[in-house]
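Chain by chain, the residues:
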Amino acid sequence: MSEPLGTVLPVYFVADESGSMYPYIGELNQGLTSLLDALQSESMAAAKVRFCVLGFADTAVCYLEPVDLRGIERMPALSARGSTSFATVFDALTGRIPRDIQALKNDGYLVNRPAVFFLTDGVPNRGDGWEQAHARLTGFAARPNILAFGIGEADADVIRQVATDSRYAFITAAGTDTGVAISKFITALTQSVINSGQALATGQSSLQVEKPDGFVSLAVDTV
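Remember, it's a predicted structure, so these values are computed and weren't measured experimentally. (Residues numbered from 1 in each chain as written. Predicted model: local features only at pLDDT ≥ 70, side-chain atom pairs only at ≥ 80, totals over all residues. Heavy atoms only, no water.)

Caption draft 1: Summary view of the overall build of the protein. Helix and strand counts for the protein stand at six helices and eight strands. Starting at the N terminus, the α and β elements of the protein follow one another as β-α-α-β-β-α-β-β-α-β-α-β-α-β. Expected size for 223 residues packed as a compact globule is a radius of gyration near 17 Å; at 16 Å, the protein falls within 12% of this value. Projected onto the principal axes, the alpha-carbon positions of the protein cover approximately 55 × 35 × 35 Å. Taking as baseline every contact in the protein between residues at least 6 positions apart, the subset at least 24 positions apart corresponds to 77%. Carbon together with sulfur atoms contributes 48% to the accessible area of the protein, which is approximately 10,000 Å² in total. (Helix = DSSP H or I, 4+ residues; strand = E, 2+ residues; numbered from the N terminus. Rg over C-alpha atoms; globule rule 2.2 N^0.38 Å. Contact = heavy atoms within 4.5 Å. Areas by Shrake-Rupley, 256 points an atom, 1.4 Å probe, with all protein chains shown as cover.)

Caption draft 2: Local environment of the packing of aromatic side chains. Within the structure shown, the criterion is met by twelve aromatic pairs. Taking 5.3 Å as the distance between ring centres and 15° as the angle between the ring planes, the aromatic pair formed by phenylalanine 56 and phenylalanine 118 counts as stacked. Placement of the pair is phenylalanine 56 in strand E2 (residues 49-56) and phenylalanine 118 in strand E5 (residues 115-120), with a sequence separation of 62 residues. With a centroid separation of 5.0 Å and an interplanar angle of 80°, the aromatic rings of phenylalanine 86 and phenylalanine 118 are classed as edge-to-face. Of the two residues, phenylalanine 86 sits in helix H3 (residues 86-106) while phenylalanine 118 sits in strand E5, which places them 32 residues apart along the sequence. In this structure, phenylalanine 86 and phenylalanine 118 share a single accessibility class: buried. Across from the ring centre of tyrosine 109, 5.1 Å away, lies the NZ or CZ of arginine 50, which sits over that ring. Against the face of tyrosine 168 rests arginine 167, its NZ or CZ located 6.0 Å from the ring centre. (Phe/Tyr/Trp six-rings, centres within 6.5 Å; stacked < 30°, edge-to-face > 60°. Buried < 20%, exposed > 50% of the residue type's maximum accessible area, 1.4 Å probe, protein only. Lys NZ or Arg CZ within 6 Å of the ring centre and 35° of its normal.)

Caption draft 3: Representation of the nonpolar core. Core analysis: the largest hydrophobic core is formed by 66 residues, its most contacted members being Phe13, Leu28, Phe51 and Phe118. At eight residues, helix H6 (residues 178-201) tops the list of elements feeding residues into this core. Among all residues touching phenylalanine 118, those that are not within four sequence positions of it are Val14, Phe56, Phe86, Val89, Phe90, Ile146, Leu147, Ala148, Phe149 and Val162. (Core = buried A, V, L, I, M, F, W, Y, C linked by side-chain atoms within 4.5 Å.)

Caption draft 4: The side chain of serine 192, seen in detail. By the secondary structure assignment, serine 192 is in helix H6. Every residue in contact with serine 192, bar those within four places of it in the chain, is listed here: Phe117, Gln208, Val209 and Glu210.

Caption draft 5: The pairing of strand E6 (residues 145-150), seen in detail. Burial of E6 is extensive: six of the six residues sit out of reach of the surface. Judged by which residues are buried, E6 turns out to be covered on both faces: Asn145, Leu147 and Phe149 on one side and Ile146, Ala148 and Gly150 on the other are all buried. Strand direction decides the pairing type here: E5 and E6, joined by six bridges, are parallel. Considered in E6, the bridge of threonine 120 is made with glycine 150. Running through helix H4 (residues 130-137), the crossover from E5 to the neighbouring parallel element E6 is right-handed. (Pairing = 2+ DSSP bridges. Right-handed = clockwise from strand over helix to strand, strands pointing away.)

Dropping the structure here:
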């Protein structure tokens, strides 16, 4: 049996594309471009990450299949559309994560537990059934670590429920401008991905998480 090519970390960036995000989509797309530039300048870290971009509103759309960011020229563009169905994207992740992991294993890689960076500026549609969809997503063997970030009108209790650990739940501090919050989130996401990739490259397997400036941790032991 051949030796594995190494260990990779699948990272899923999941962005709210509901209509309320319309004023901020430009900042979000600009941030993804900055993330790509940063990862391409950190080749050791980028080699250890497979990055995927999904957007959700009434439906979930995968804009970028899990990819080595060193090999692409540009990030996809997100857009604002429709309402806020958490269930549709949780179900999409439940369907795709096991397939993505198996594909990476078939290519000869060892695969770390995936990380989902979930960004929303609102609350899920009433009667969305997102809690059941979330339970399905977190109930199988390859379940991801979900890091949830709330901006705008997001509800702290919902954000805490979405995160798989309260240490992975963050919401903007009162009075924080949403556009600024997106910029700070992207900066923290970029650093988290770089740090996690570097950790893997040196034989560590723990997910590295940066709290964005201007956000408040919702960890249960937060005073």
